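Residue-level listing of the chains:
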Amino acid sequence: MTSVKARMAADILLRLSRKIRPYWPEIGRSSLCVLVSLLAVAFSICVPVVLQGNPWFTWPANWHYADSGTPMIVGADGYFFLSQASKAVSEGLSLSTPALSVLAVILRFITQASMENTVFYANLVFTVGFALLIRAWFIRLEASFSLSILACIILSIMPPWVQRTGPVWFDTDPAIVFFWQLEIFALTLAADLSRSFKTRLKDFGLAFIAFIFLVWFWNSGIFLGGVITLGYWLMFATPWKPLWRYKAFPALVTIAVIWFALIVFLPEQYVPFPTSLALEIRSKGAMVFGVERHFFFTSIQELAPISFPDLVARIGGFKVSGVIILISAAGAFFAHPKFRMPLVLGLCFLFAGLSSQRLIHIGCFSLAISVALLPKTLDFISDKFVKFTSKLKIAVPPPPVFGRISDTFSLSTFWAKVPRLSILAVPAIIVVILSCAWWTGHHSFPLRWNKLHDELFSPFRESGIKGASFCNWWDDGYFIMARSGQSAFFDGGSQNPDTTYAAARPWLMLDRVAAARWMRFFSRRGLNGLEPLEKIWGKEQAYAVLERFFLALEPNGSLRPGATYSGNLEADLARLPGGHTWLFPEGRVFVFFPKDIFGISAWWIAMGNSRPADSNLVRMHFSEISRNEFQHNKETGNVTLAQSVINRGQTSIGSAIDAAVTPISGPPWTVLNLPGPYIVYNSAYSTTFIVDQFGLVSLPLYLLLPGGPELPNFKLVKVNYQAGGIWEVLP
């Protein structure tokens, strides 16, 4: 069965290659096989090298799914596409299925592999596409086949490219760059006035198809591809306006700047065509380029700006190779006019990384081609220099020791005796390749999840729990949905100040019962559940009113023992749809705390402490140390820190708390009136934290510190103190 499907797929690819052959007539069958094979090998080799560093060709420990043993993808959004692909397999494709998930379903049908294994290697499809596109460009630029192979190798190991398009990164990044570059290539063909109008019309048709796929894979592609398609067509595709060729780049830059300003810089109420898509594009553009960056966006590392020296080092692994790459791009601009369009646009996105490093990888395609073209570029410079100096005659007086003999020679004659400048390309390219290869061999992906995290969700996969919801933090939501089959309150697509506050606020509430009820409310009803309260009390007051309700009420609507309520409780509840039952939705709710939640505490403590977020709290609230790095005299209370801890910036400790002696189920530790910062540990376990007063009372510390009894409203499901834990949140 599998072989039949494989033959069907091969037949489809063969017929497709015949359709596109007019665009790449010089691609022979054997050369194509060699090219694709080499790029596929380079692609596959990068996986273990980048992930592990050393030793080569080995997977990191615990870096695979607990149930299948398949290596895990690392990108948060990849788990969204994985869950959507799995849903499509079980329920069927629909119009809402993302394009990348559709691709995964097709590949799974062809290969009959598991969905996890399929998505891991799915980017290989785009890798093959890039190999074809690179070869097409080198044919267009009349460069050799060997240089196109060189470009493929350079591209496959450039650090920003590996980090955003590698096999472990199942996301739309490679699809976006591929269809965008395909559109540019087709438009470049359409700009060639030596071709017939009918042929150029077909080229434009190919560009339009690439644009459609770009928008299908990425909605914001309507901005990225639309301006290029429109501007390039107006400038080049009209044979009766050849003068446009001389005004191409100024006109294109003008159109792009105007479009960019309209979409990104204008206030939201002035955005032209104020559709939801236009507003979404404007919002993303403003977020990426920091035009209206809200406080919570500063927690997204990939959106952070980068300095120019760091940018140069990033693209080549080291600054020296980065400089070589940029010099190669500058030379390619002058030496290869046909390649200027993708090169200029690629450099625009490269330097946009100065504002948001998220965009750097988009320029790598053009940079890799520029480096591979360096021999031809230097030959071009040599030829230009010879032509320039051929008319210059310079008389050089000899030193006095040679008497009065003088000579007159031509610089072009002298230059002809010197080796071609292109010989410098060999060491330059070697430096770039070695630099990029070294970087990929000694830097790994940030492996946010591993087998230990995945094992936490085994009860959900084994018991078949249906319809539950998770309270969680940010990008964990996609992983939760993919590996548990349940819904999550917070994910990468719902980041905004309201969601961050709703997710983080209960973790800082001193009343754990109210915290549990807050989690259940938002996990089951979402932010829309706040609308009735907003209509009555206003948006900013609604959160405070909701918290007062949970502090004062029992699930049956009566007052909690000893609780008070400022106002008329009965009248306020009557204004809600369904009364108090609106505040206590049914259904099962769980909370997931990975251990690395402590590493990002600067953000959720600042965002959950107040509305708007308290930026003064953006600092480290937790740091983990080993048990042998401090000494605690329980009789005197004295704490002695090891030099290794002092070297990390922790000069003093106010108090040390042993959870085995001071139960964490009691009142918050702040009532102990002990000075901070605090060392919190359990003498029966190795986990040890240094925390401040905010971290000391936070819910994650209470639940993830080993050895303490459960809190009343949090029932343990599964915990691994090296990875994290899951608790069911009870009413």
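What counts and how
- Every chain is numbered independently, its residues counted from 1 as its sequence is written.
- This being a predicted model, a pLDDT of at least 70 is required before a residue's local features are given, and a value of 80 or more before pairs of side-chain atoms are given or counted; all residues contribute to the totals for chains, interfaces and linings.
- In computing side-chain properties, one takes all heavy atoms of the structure into account and sets aside hydrogens as well as water.
- Numbering of helices and strands runs from the N terminus, with a helix taken as a DSSP run of H or I at least four residues long and a strand as a DSSP run of E at least two residues long.
- In this description, accessible areas are obtained by the Shrake-Rupley approach with a 1.4 Å probe, and a residue is regarded as covered only by the protein chains that are shown.
- Burial here depends on accessible area, computed with a 1.4 Å probe over protein chains only, as a share of the maximum for the residue type. Under 20% is buried, over 50% is exposed, and the range in between is partly exposed.
- A pair of strands counts as paired when DSSP detects no fewer than two bridges linking them.
- Definition used for salt bridges: Asp or Glu carboxyl oxygen within 4 Å of a side-chain nitrogen of Lys or Arg.
- Axis definition: a line fitted to C-alpha atoms, over the contacting stretch in the case of helices. Angles run 0 to 180 degrees between N-to-C directions.
- By the definition adopted for this analysis, an angle is roughly parallel if under 35 degrees, roughly antiparallel if over 145, roughly perpendicular if from 65 to 115, and oblique otherwise.
- By definition, any crossing whose near helix is turned counterclockwise from its far helix by less than a right angle is left-handed, and any crossing with a clockwise turn is right-handed.
- The contact criterion used is simple: two residues touch if any of their non-hydrogen atoms lie within 4.5 Å.
- By definition here, a helix of n residues has an expected span of 1.5 Å times n minus one.
- Under this definition, polar contacts are N or O atom pairs within 3.5 Å; protein pairs additionally need one hydrogen-donor-capable and one acceptor-capable atom, and for neighbouring residues in sequence, both atoms have to be side-chain atoms.
- The criterion is simple. A nonpolar core is a set of buried Ala, Val, Leu, Ile, Met, Phe, Trp, Tyr and Cys residues joined through side-chain atoms within 4.5 Å.
- Aromatic rings from Phe, Tyr and Trp, with only the six-membered ring used for Trp, were paired whenever their centres fell within 6.5 Å, and each pair was classed as stacked if the ring planes differed by under 30 degrees, edge-to-face if by over 60, and tilted otherwise.
- Note on geometry: a ring has a charge over it if NZ (lysine) or CZ (arginine) is within 6 Å of the ring centre and within 35 degrees of the ring normal.

A. Main features of the overall build of the chain. Per the secondary structure count, the chain includes 32 helices and 13 strands. Working note: accessible area of the chain is about 33300 Å², and carbon and sulfur atoms make up 62% of it.

B. Representation of the pairing of strand β9 (residues 655-658). The alternating pattern of β9 places Ser-655 and Ile-657 on one face and Ala-656 and Asp-658 on the opposite face, and all of these are buried. As judged from the four bridges shared by β9 and strand β10 (residues 678-681), these two strands associate in the parallel manner. Across the sheet, residue Ile-657 finds its bridge partner in β10, namely Val-680.

C. Quick look at the pattern of salt bridges. Applying the stated rule across the entire model yields 17 salt bridges. Two residues, Glu-728 and Arg-588, come together in a salt bridge whose shortest N-O distance is 3.0 Å. Of this pair, Glu-728 sits in strand β13 (residues 724-729) while Arg-588 sits in the loop between α28 (569-574) and β5 (589-594); the two residues are 140 residues apart in sequence, bridging distant segments of the chain. What makes Glu-728 buried here is its relative accessible area of 11%. Judged by relative accessible area, which is 40%, Arg-588 ranks as partly exposed. Bridged by salt links that share partners, the residues Asp-67, Glu-116, Asp-454, Arg-461 and Arg-483 form one connected network.

D. Structural context of the sheet that holds β10. If you trace the four strands from one edge of the open sheet to the other, you get β6-β11-β10-β9, paired in mixed fashion. Edge strands, defined here as strands with exactly one partner in the open sheet, are β6 (622-625) and β9. Across the sheet, the axes of successive neighbouring strands diverge by a mean angle of 25°, strand direction being ignored.

E. A look at the packing of helix α25 (residues 512-525) against helix α27 (residues 539-552). The N-to-C vectors of α25 and α27 enclose an angle of 125°; their axes lie 9 Å apart at closest approach. Classified by the angle their axes make, α25 and α27 are oblique. Handedness of the crossing formed by α25 with α27: right-handed. Here Ala-514, Arg-517, Trp-518, Phe-521 and Phe-522 of α25 lie close against α27, whose contacting residues are Tyr-543, Leu-546, Glu-547, Phe-550 and Leu-551.

F. Representation of the packing of helix α7 (residues 145-157) against helix α17 (residues 364-372) in the model. Taken N-terminus to C-terminus, the directions of α7 and α17 make an angle of 135°; their axes are 8 Å apart at the nearest point. With respect to each other, α7 and α17 are oriented oblique. In the packing of α7 onto α17, the handedness of the crossing is right-handed. Along its contact with α7, which presents Leu-147, Leu-150, Ala-151, Ile-154 and Leu-155, the element α17 presents Cys-364, Phe-365, Ala-368, Ile-369, Val-371 and Ala-372.

G. Spotlight on helix α16 (residues 340-352). Spanning 13 residues, α16 covers 18 Å between terminal C-alpha atoms, matching the ideal 18 Å at 1.5 Å per step. Residues of α16 that are buried include every one of Met-341, Pro-342, Leu-343, Leu-345, Gly-346, Phe-349, Leu-350 and Ala-352, and no others.

H. Molecular detail of the side chain of Arg-164. Mapped onto the elements, Arg-164 comes out in helix α8 (residues 159-165). In terms of polar contacts, Arg-164 uses its side chain to reach the side chain of Asp-173, at 3.3 Å. Setting aside residues up to four positions removed in sequence, Arg-164 forms contacts with Trp-169, Asp-173, Pro-174, Glu-302, Arg-358 and His-361.

I. Representation of the nonpolar core within the structure. Among the nonpolar cores identified, the biggest contains 104 residues, and Tyr-79, Phe-126, Phe-138, Met-158, Phe-457 and Phe-470 are the most heavily contacted of them. Per element, the largest residue contribution to this core is ten residues, and it comes from helix α9 (residues 173-190). Beyond its immediate chain neighbours, meaning those up to four positions away, Tyr-79 contacts Tyr-65, Met-72, Ile-73, Trp-449, Tyr-478, Phe-479 and Ala-482. Trp-474, Ala-514, Leu-533 and Leu-576 belong to the second-largest nonpolar core, a separate cluster that totals 66 residues.

J. Focus on the sheet that holds strand β4 (residues 487-488). The sheet built from five strands is open, its strands ordered β4-β3-β5-β13-β12 with mixed pairing. Both edges of this open sheet fall to β4 and β12 (714-720), since each of them pairs with a single strand only. Pairing analysis gives three bridges linking strand β3 (residues 469-471) to β5, with the strands arranged parallel. Each bridged residue has a counterpart across the sheet, and for Cys-471 the counterpart in β5 is Val-591.

K. The packing of aromatic side chains, seen in detail. Per the stated rule, a full pass over the model turns up 56 aromatic pairs. With 4.6 Å between their ring centres and 45° between their planes, Phe-598 and Phe-622 make a pair best called tilted. Placement of Phe-598 in the loop between β5 and α29 (601-609) and of Phe-622 in strand β6 is noted, with a sequence separation of 24 residues between them. The ring of Phe-333 has Arg-340 lying over it, and the distance from NZ or CZ to the ring centre is 4.8 Å. Sitting above the plane of the Trp-582 ring, Arg-525 keeps its charged end 3.9 Å from the centroid.

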